[in-house]
Amino acid sequence: MSGYIAGQILRIPLCQDSTGGATVTWDSKILWASSTAPTLSAANHCDLMTFDATAGTSTAIIFGGYINF
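Residues numbered from 1 in each chain as written. Predicted model: local features only at pLDDT ≥ 70, side-chain atom pairs only at ≥ 80, totals over all residues. Heavy atoms only, no water.

Q: Talk me through the state of the cysteines; I want residue IDs and the actual numbers.
A: The full count for this structure, using the stated rule, is 1 disulfide. One disulfide bridge connects C15 with C46, the sulfur atoms lying 2.0 Å from each other. An S-S torsion of about 110 degrees defines the bridge between C15 and C46 as right-handed. With C15 in strand β1 (residues 9-15) and C46 in strand β3 (residues 46-53), the pair connects residues that are 31 residues apart, well separated along the chain. Here C15 falls in the exposed class, since its relative accessible area comes to 52%. Look at C46 and you get buried, because its relative accessible area is 13%. (Disulfide = S-S within 2.5 Å. Helix = DSSP H or I, 4+ residues; strand = E, 2+ residues; numbered from the N terminus. Buried < 20%, exposed > 50% of the residue type's maximum accessible area, 1.4 Å probe, protein only.)

This is the structure we're talking about:
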């Protein structure tokens, strides 16, 4: 992740196909609660990842977790 502005909200929808089981390799700049990235939803479901870019640290911190839909 790059090119974001401090205070910017970043949203990334991630959808599984009918097979499911896909994974994401996350940028090391993201700090997750409990230091663990969430597991994506099952087949035919989507997750909405929401991030808040922090000021002056070049690090995106997870903001509000993710939504399974």
